[in-house]
Amino acid sequence: MEIILSKFSGYCYGVKKAVSVADESIDKYEDIYSLGSLIHNKRAVEKLKNKGLQVVDKLEEKNKNIIFRSHGVEKKYYDYASKHNLNVIDTTCIYVKKIHQIVEEKYREGYEIIIVGSKKHPEVIGINSWSDYKAQFVEDIADTGRLDIDDEKSYAVVFQTTFNIEKYTKIVEILKEKIKNIEIFNTICSATKKRQDFALQLAEEVDMMIVIGDTSSSNSKKLYELASEKVKSIFIEDVAELEETMFDGVQKLGVTAGASTPDFVIDEVIDYLKKID
Ligand code: SF4
């Protein structure tokens, strides 16, 4: 069986940076916390926890050294940290930070905010906090019909960084038709786009695809969604979920991994696959 690993798979720029900053901070500070999971991958987070990182789900004064995760946190945590003089190690990815800035600025200028993405995703909750939680959401094309639009108002639209590129153009087209005063910011990050483009391309060349990622990772799930539309695909968190019989009759196998999947998890899968005849 030929195994082809997608050219763009695994840690993106933002996640790589967050993990390395966290790693250094664990060495530097005796007591170090992260607010929520640093990245969306249980095994990577477990590794950091074993090294000394303490993951908390609410911020308290005792969390003197606190890491803010790569996909961003809500504004209230910056306010709390500043009020209580906490040392914030901010690993929010620059692309997510950019969205916070756009939303904060446009909201302050009086724009209504529309966020295209999954409203329960922590990144989106974080983004919404910069508009005082007043944004409207579009999770899918059908939601555009449910938006509350006032022609007298201006609207700023941002996208969750991991939003599906295939749906982007359609949604932009509908929103432009529906809203008179609109400013659209394409905030889908290039790492996501590259992973999606290459996964799609690979899915067209192979008999089967494996997508490796955590079930909490939205970009991994989107890779799976896209690959599944082209070819038989499976989604796994790690090698433990694989069985040889899954690959009966497969000549060419494509492998990709979400932006929060560590190399060691990908390597374990590849090593396993190489042993199958
Ligand atoms: S997927 Fe993009 S926005 Fe998210 S952490 Fe990676 S580089 Fe940053």
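Conventions used here
Residues numbered from 1 in each chain as written. Predicted model: local features only at pLDDT ≥ 70, side-chain atom pairs only at ≥ 80, totals over all residues. Heavy atoms only, no water. Pairing = 2+ DSSP bridges. Helix = DSSP H or I, 4+ residues; strand = E, 2+ residues; numbered from the N terminus. Axes fitted to C-alpha atoms, helices over the stretch in contact; angles between N-to-C directions. Contact = heavy atoms within 4.5 Å. Expected span 1.5 Å × (residues − 1). Buried < 20%, exposed > 50% of the residue type's maximum accessible area, 1.4 Å probe, protein only. Arc of directions from axis to C-beta. Salt bridge = Lys/Arg side-chain N within 4 Å of Asp/Glu carboxyl O. Right-handed = clockwise from strand over helix to strand, strands pointing away.

Asks: It is not clear to me how the sheet that holds strand β12 (residues 252–257) should be interpreted in this structure. Could you clarify?
Replies: Hydrogen bonds between backbone groups are what pair the strands of a sheet, and the pairing can be parallel or antiparallel. One open sheet holds the 4 strands; their spatial order is β1-β12-β10-β11, and the pairing between them is parallel. Strands with a single pairing partner mark the edges of an open sheet, and in this sheet they are β1 (2–5) and β11 (233–236). Direction aside, the axes of adjacent strands within the sheet are offset by 20 degrees on average. Sheet contacts for helix α8 (residues 218–230): β10 (208–212), β11 and β12; angle to β11, the most-contacted strand, approximately 165 degrees.

Asks: So what exactly am I meant to see when it comes to the environment of Gly213 here?
Replies: Tracing the sequence through the fold places Gly213 in the loop between β10 and α8. Sequence separation between Gly213 and Ser260 is 47 residues; the distance between their C-alpha atoms is 7.1 Å. Those residues in contact with Gly213 that lie beyond four places of it in its chain are Ser220, Phe235, Ile236, Glu237 and Thr261.

Asks: What is the right way to read helix α1 (residues 13–28) from this model?
Replies: Counting along an α-helix, one turn takes 3.6 residues, and residues three or four places apart therefore face a common direction. Over its 16 residues, α1 runs 22 Å from end to end, which matches the ideal 22 Å to within 8%, given 1.5 Å per residue. Every buried residue of α1 is accounted for by Gly14, Val15, Ala18, Val19, Ala22, Ser25 and Ile26. One side of α1 carries all its buried residues, which in axial view fall inside an arc of 130 degrees. Among the exposed residues of α1, those oriented more than 90 degrees off its buried face are Lys16, Glu24, Asp27 and Lys28. Buried residues in α1 make contact with α2 (42–51), β4 (65–68) and β5 (87–90).

Asks: Before we go on, may I ask you to explain the pattern of salt bridges in this structure?
Replies: Any two side chains of opposite charge can pair, on the condition that their charged atoms come close. Scanning the model with the defined rule gives 20 salt bridges in all. Ionic pairing is found between Lys62 and Glu60, a salt bridge with its closest N-O pair at 4.0 Å. A relative accessible area of 53% places Lys62 in the exposed class. Since its relative accessible area comes to 30%, Glu60 is described here as partly exposed. Through salt bridges with shared partners, one network takes in Asp23, Asp27 and Lys51.

Asks: What is the right way to read the side chain of Ser220 from this model?
Replies: Structurally, Ser220 is set in helix α8. The buried category is assigned to Ser220, whose relative accessible area is 0%. Setting aside chain neighbours within four positions, we find Ser220 in contact with Val211, Ile212, Gly213, Asp214, Phe235, Gly258 and Thr261.

Asks: Any chance you could explain the pairing of β10 here in plain terms?
Replies: The two faces of the sheet receive side chains in turn, since in a regular strand these alternate between them. Of all 5 residues in β10, 5 are buried, a share of seventy percent or more. Of the two faces of β10, the one carrying Met208, Ile210 and Ile212 and the one carrying Met209 and Val211 are both buried. Pairing analysis gives 4 bridges linking β10 to β11, with the strands arranged parallel. Its bridge partner lying in β11, Val211 is registered against Phe235. Once you follow β10 into α8 and on to β11, the crossover reads as right-handed.

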